[in-house]
Amino acid sequence: MAEVVIVESAETAGEVAADEIEKLVRANPRAVLGLATGSTPLTTWRALAARGLDLSQVRGFALDEYVGLPAGHPESYRSVITREVVEPLGLTPSLVRVPADDGPIETAGADYEAAITAAGGVDLQILGIGRTGHIGFNEPGSSFASLTRVKTLTEQTRLDNARFFDSLDDVPKHCITQGLGTIMRARHLVLLAFGSGKASALARAVEGPVTASLPGSAIQLHQRVTVIVDEEAAADLEFADYYRYAWANRLDWEKL
Ligand code: F6R
């Protein structure tokens, strides 16, 4: 079962996630991080940046990228990762990859999988969750075995992401995303969710039936998952009291 940590704010959640990353990087300065974009991880990047760690040797792999945006578009995930992660955290740009950021789109999925494998796999994958239940951009129906590939975004996801663009028409219809199979190979999944808009998808991911119709439910099949949520996102969790109890009573060695 996932460890579910319910905290009072996105800021506190960012500190808890940053604790996990800090532990990893102190043990291995060349650790491989899986990087999510969107609003959810921002408090984690902020908390981590404030710690002043040397992250210059850390390697990074973004979860996904839009397909069809002009190179250098400010909302391409390459631009977002540079602006929100690489620069504030002091990562080395050449050590951070985004799907399809070099080479043709037709072979980009296989190339990305090979690059992750060559790096030794992802140690810790930061995840958000979409209201459709997607992780990465694996929309409902995605195979649990899927690897990095081009997908079509749902209209719900385009609407949700339209806030980053001038208009809905500007939101791409396609993306390239790590598959659920790719994500499941990471050694530790850290899934964050904030706000009431995520409550239903989050509860279905953590407690609902494991089904490709709710791609985030794949995390139930992973052996090491930390879910960090605020009270609003936790609102639909049936076992919330137990999660709070387990967190409050965790053993000393679990706190390290
Ligand atoms: C982003 C990603 C998506 C987002 C999800 C939530 O790289 O893969 O799964 O994590 O759409 O987005 P926000 O955080 O903007 O609510």
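If you're wondering where the values come from, they're calculated on a predicted model, not measured in any experiment.

Cut-offs and rules
- Residues numbered from 1 in each chain as written.
- Predicted model: local features only at pLDDT ≥ 70, side-chain atom pairs only at ≥ 80, totals over all residues.
- Heavy atoms only, no water.
- Helix = DSSP H or I, 4+ residues; strand = E, 2+ residues; numbered from the N terminus.
- Rg over C-alpha atoms; globule rule 2.2 N^0.38 Å.
- Buried < 20%, exposed > 50% of the residue type's maximum accessible area, 1.4 Å probe, protein only.
- Contact = heavy atoms within 4.5 Å.
- Polar contact = N/O pair within 3.5 Å; in protein donor to acceptor, adjacent residues only side chain to side chain.
- Salt bridge = Lys/Arg side-chain N within 4 Å of Asp/Glu carboxyl O.
- Pairing = 2+ DSSP bridges.
- Axes fitted to C-alpha atoms, helices over the stretch in contact; angles between N-to-C directions.
- Near = heavy atom within 4 Å.
- Areas by Shrake-Rupley, 256 points an atom, 1.4 Å probe, with all protein chains shown as cover.
- Nonpolar A, V, L, I, M, F, W, Y, C, P; charged D, E, K, R; others polar.
- Core = buried A, V, L, I, M, F, W, Y, C linked by side-chain atoms within 4.5 Å.
- Phe/Tyr/Trp six-rings, centres within 6.5 Å; stacked < 30°, edge-to-face > 60°.
- Lys NZ or Arg CZ within 6 Å of the ring centre and 35° of its normal.

**Regarding the overall build of the protein**
- For the protein, the helix and strand inventory stands at 9 helices and 10 strands.
- What you see for the protein is a C-alpha radius of gyration of 17 Å, in line with the 18 Å of a compact globule of 256 residues.
- For the protein, the spread of C-alpha atoms along the three principal axes comes to 50 × 40 × 35 Å.
- When each of the 256 residues of the protein is scored for burial, the buried share is 53%.
- Of all intrachain contacts in the protein linking residues separated by at least 6 positions in sequence, the fraction that spans at least 24 positions is 78%.

**Some points on the side chain of S146**
- Looking at the secondary structure, you find S146 in the loop between β6 (124-127) and β7 (149-152).
- The buried category is assigned to S146, whose relative accessible area is 8%.
- Only 2.6 Å separates the side chain of S146 from the backbone oxygen of S143, close enough to count as a polar contact.
- If near-sequence neighbours (up to four positions away) are discounted, S146 is found in contact with N138, G179, L180, G181 and T182.

**With respect to the pattern of salt bridges**
- Taken as a whole and judged by the stated rule, the model has 15 salt bridges.
- With its nearest N and O atoms 2.8 Å apart, the salt bridge here joins R51 to D19. In this pair, R51 sits in the loop between α2 (42-50) and β3 (59-62) while D19 sits in helix α1 (residues 10-27), placing the two residues 32 residues apart along the sequence.
- Taking relative accessible area as the criterion, R51 reaches 24% and is therefore assigned partly exposed.

**Points about the pairing of strand β10 (residues 225-230)**
- The buried fraction of β10 amounts to 6 of the 6 residues, a majority that puts the element mostly inside the structure.
- Covered by surrounding structure in β10 are V225, V227 and V229 together with T226, I228 and D230, the residues of both alternating faces.
- The pairing of strand β1 (residues 3-7) with β10 spans 5 bridges and is classified as parallel. Bridge pairing links V7 to D230 in β10.

**A few points about the sheet that holds strand β4 (residues 64-67)**
- With antiparallel pairing, 3 strands are arranged side by side in an open sheet as β4-β8-β7. If you trace the sheet from one side to the other, it starts and ends with β4 and β7, each paired once. Taken over all neighbouring pairs, the strand axes of this sheet differ in orientation by 30 degrees on average, direction set aside.
- Summarising the sheet, β7 and strand β8 (residues 174-177) pair through 4 bridges and their orientation is antiparallel. Residue pairing in the sheet places R149 in a bridge with T177 of β8.

**Some points on the site of the ligand**
- Neighbouring the ligand are 15 residues; T37, T40, D64, H134 and G136 lie closest to it.
- Between the ligand and H134 there is a distance of 2.6 Å, counted from an oxygen atom to a side-chain nitrogen or oxygen.
- Notes on the ligand: free accessible area 400 Å², of which the protein chains cover 94%.
- Its residues assigned to classes, the shell around the ligand comprises 4 nonpolar, 8 polar and 3 charged.

**Here's the deal with the nonpolar core**
- In this structure, V227, I228 and L237 are the most contacted members of the largest nonpolar core, which totals 69 residues.
- Of all the elements, α1 adds the most residues to this core, at 8 residues.
- One finds F137, L153, A162 and V171 within the second-largest nonpolar core, a separate group that totals 10 residues.

**Some words on the packing of aromatic side chains**
- Within this structure, the stated rule accounts for 6 aromatic pairs.
- Relative to Y77, the ring of Y66 has its centre 4.8 Å away and its plane inclined at 45 degrees; by these criteria the two rings are tilted. Residue Y66 is found in strand β4, and its partner Y77 is found in helix α3 (residues 77-89); the two are separated by 11 residues along the sequence.
- For Y77, a relative accessible area of 7% puts it in the buried group.
- The interplanar angle of 55 degrees and the centroid separation of 6.3 Å between the aromatic rings of Y242 and Y243 together place this pair among those described as tilted.
- The class of Y243 is buried, set by a relative accessible area of 3%.
- In this structure, R250 packs its charged tip against the face of W247, placed 3.6 Å from the ring centre.

Just distances and angles here, no functional claims.
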